Amino acid sequence: MYNTEEFGSYKHRYISHTQNLSMSNRSELLFERAKTVIPSGVNSPVRFYEPYPFFVASSKGSKIVTVDHITCIDYCMGYGSLLLGHAHAHVMEAVKSQLDYGNLFCIPTEKEVQLAELISKVVPCAEMTRLVTTGSEATMSAIRLARAFTKKRKIIKFEGCYHGAHDYVLVSAGSNGIGVPTSEGSIEGFSSQTMVIPYNDPSELEQVIKKEDDIACVIIEPIPANMGVVIPDKQYLNEIRKITRQMDIVLIFDEVITGFRLSLGGASEFFGIKPDLATFAKAMANGFPIAAITGKKEIMQQLAPGGKVYQASTYAGNPISVSASIATIEKLIKEKNEIYPRIAKTCDRIVGGIKDELEHLKLSFTTNAIGSMYQLFFTPEKVDDAKSAKKSSTVMFKRFYDELLQNGIFIPPSQFETCFVSNAHSEDDVDKTVESYTDALHKVKEVL
Ligand SMILES: Cc1ncc(COP(=O)(O)O)c(C=O)c1O
């Protein structure tokens, strides 16, 4: 169990030596306050872990600084948002200069047009784009668009893939293929229209599609990153594209995580597969709140007011986030040949270091990695879908997580999330990270 005393007394070179570490732990005090006014003390469930999360004061590059003045190397990176690193100077400058001209208009701006044009330039399926604010909004609207376009009702999603916190997709597999709500307050009227099937199983998908003629869309994370990171089998995504096209089903790539991260044109460019619609968020503005639904003109044109699919939002296309997104994408376009190989190399070095140590300690845990994303699963078995991911020991993960944190390494606090590398992670960060993973693996081995 994560021990606050140990965290507070941790003496690593990243600790500010001006801090009196014998002082009471401010994160603990803040969490006590938070619990009285914020449900469970956090504004999103994954941010909580036992006994309480640390609170952050500031961030820059690859590092975050806690309210107790402890600096950690961050591999959560805003759950994948901060591809260029925390508080990236070029993006922050763009935001600061926009502030002089106003922060919200709810009237069209030239920058929105410029951003949509940039997205069309780099994303293979992007004929038209509508800007929204969160990934959840983007996937909800994409599904609504698909239903309106096909005049069909049902949707297919994959076990372990996450598409946001709305009723269409907060669904798990029930008996007879009928989805059941995963949240109280969600109703069966929605979940029963969602079919949930295993990832990486083309025959199951084919069977469901051939049996059911009311399927509007298949929505998929091309690289699932919400059950830890999972790699699609060779040809799997191609087969999904083929069968959805044959059966007039809209294929939605949910690229909220992979977009602008796996490559400039996301998973779609990486695998050379064009979905009908795609959703983006996170890395598209390096941490500023913006998302996008993009895709084929004939589908996108159904959006109101020209079309009959309603979608609206006060903050959609707000100039702050749009400025951040333009600055991010322009930098990625200009430096893609350096940035993507560099981040992949950083990730490779970390994963290589972890694998070497696993071998050295004769521990048969599994690592999955692609591009700038990786995860270590506490199971000896191959992890290629939700069922195999769930075989991981979450108890061991928690012990490991606590050890890493004490060594100044912050990874997402769940076995079923993904670690993200940014362009700001340095060689020194990698050395320190591998050292800390090594140390934490030794500690885990001691209790096996
Ligand atoms: C693949 C994917 N889609 C959609 C979402 C929802 O995005 P948001 O949290 O911005 O609503 C997430 C969030 O993590 C995600 O990982």
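Computed from a predicted structure; not experimentally measured.

A. Representation of the packing of aromatic side chains within the structure. Tallied over the entire structure, the rule returns 18 aromatic pairs. Aromatic side chains Phe397 and Tyr401 sit 6.3 Å apart centroid to centroid with 25° between the ring planes, which places their arrangement in the stacked category. One end of the pair, Phe397, and the other, Tyr401, are both in helix H14 (residues 394–406), four residues apart, so they sit about a helical turn from each other. Phe397 gets classed as buried once you look at its relative accessible area, which sits at 4%. Connected via pairs of aromatic rings, a cluster forms that spans Tyr49, Phe54, Tyr75, Phe365, Tyr374, Phe378, Phe397, Phe400, Tyr401, Phe410 and Tyr437. In this structure, Arg147 is placed above the aromatic ring of Tyr168, and the distance from its NZ or CZ to the ring centre is 4.8 Å.

B. Quick look at the side chain of Ser263. Tracing the sequence through the fold places Ser263 in the loop between strand S10 (250–254) and helix H10 (266–271). Engagement of the side chain of Ser263 in a polar contact is seen with the backbone oxygen of Gly266, the distance being 2.8 Å. Those residues within four positions of Ser263 in sequence are excluded, and the remaining contacts are Thr258, Glu269, Phe270 and Tyr340.

C. Spotlight on the sheet that holds strand S9 (residues 215–220). Taken in spatial order, the seven strands line up as S4-S12-S11-S10-S9-S5-S8 in an open sheet, and their pairing is mixed. The open sheet is flanked by strand S4 (128–132) and strand S8 (194–197), the only strands paired with a single partner. Taking each pair of neighbouring strands and ignoring which way they run, the sheet shows an average axis angle of 20°. In terms of strand pairing, S9 meets S10 through four bridges, oriented parallel.

D. Summary view of unusual backbone geometry. A cis amide bond links Glu50 to the next residue, Pro51, at an omega of -5°. Among the structural elements, Pro51 can be located in the loop between helix H2 (26–37) and strand S1 (56–60). Cis geometry is found at the peptide bond from Ala304 to Pro305, where omega equals 10°. With respect to the helices, strands and loops of the structure, Pro305 is situated in the loop between helix H11 (297–300) and helix H12 (319–360).

E. Broad picture of the nonpolar core. Counting 94 residues, the largest nonpolar core has Ile119, Ile156, Phe158, Phe260 and Tyr374 as the members making the most contacts within it. The element contributing the most residues to this core is H12, with 14 residues. The residues that make up this core include at least three from each of domain 1 (4–12 + 25–49 + 71–86 + 336–417 + 426–446) and domain 2 (89–332). Ignoring any residue separated from it by four or fewer positions in sequence, one finds Phe158 in contact with Val196, Ile197, Pro198, Tyr199, Leu205, Val218, Ile219, Ile220, Tyr236 and Ile240. Counting 22 residues, the second largest nonpolar core, distinct from the first, contains Ala146, Val169, Ile252 and Met300.

F. The domain arrangement of the chain, seen in detail. What the domain assignment lists for the chain is domain 1 (4–12 + 25–49 + 71–86 + 336–417 + 426–446) and domain 2 (89–332). Centre-to-centre separation of domain 1 and domain 2, based on C-alpha positions: 26 Å. Opposite the 30 residues of domain 1 that make contact, domain 2 presents 30 residues. Carbon and sulfur atoms make up 62% of the surface buried where domain 1 meets domain 2, a total of about 2400 Å² over both sides. The largest contributions to the domain 1 side of the interface with domain 2 come from Tyr340, Ile370 and Met373, which together make up 25% of the buried area. Linking domain 1 to domain 2 there are one salt bridge. Here Glu159 ties to Lys390 by a salt bridge, and the two come within 3.8 Å at their closest N and O atoms. For the interface between domain 1 and domain 2, the tally reads 12 residue pairs in polar contact (both at pLDDT 80 or more). Breaking the side of domain 1 that touches domain 2 down by element, the ones donating at least two residues are helix H3 (77–80), H12, strand S13 (366–370), strand S14 (373–377) and helix H13 (386–389). Among the elements that line the side of domain 1 that touches domain 2, the one with the most residues is S14, at four residues. Of the residues in the side of domain 1 that touches domain 2, the class split is 15 nonpolar, nine polar and six charged.

Definitions and cut-offs
Residues numbered from 1 in each chain as written. Predicted model: local features only at pLDDT ≥ 70, side-chain atom pairs only at ≥ 80, totals over all residues. Heavy atoms only, no water. Phe/Tyr/Trp six-rings, centres within 6.5 Å; stacked < 30°, edge-to-face > 60°. Helix = DSSP H or I, 4+ residues; strand = E, 2+ residues; numbered from the N terminus. Buried < 20%, exposed > 50% of the residue type's maximum accessible area, 1.4 Å probe, protein only. Lys NZ or Arg CZ within 6 Å of the ring centre and 35° of its normal. Polar contact = N/O pair within 3.5 Å; in protein donor to acceptor, adjacent residues only side chain to side chain. Contact = heavy atoms within 4.5 Å. Pairing = 2+ DSSP bridges. Axes fitted to C-alpha atoms, helices over the stretch in contact; angles between N-to-C directions. Core = buried A, V, L, I, M, F, W, Y, C linked by side-chain atoms within 4.5 Å. Domains from an automatic or database assignment. Buried area = accessible area lost by both parts, 1.4 Å probe. Salt bridge = Lys/Arg side-chain N within 4 Å of Asp/Glu carboxyl O. Nonpolar A, V, L, I, M, F, W, Y, C, P; charged D, E, K, R; others polar.

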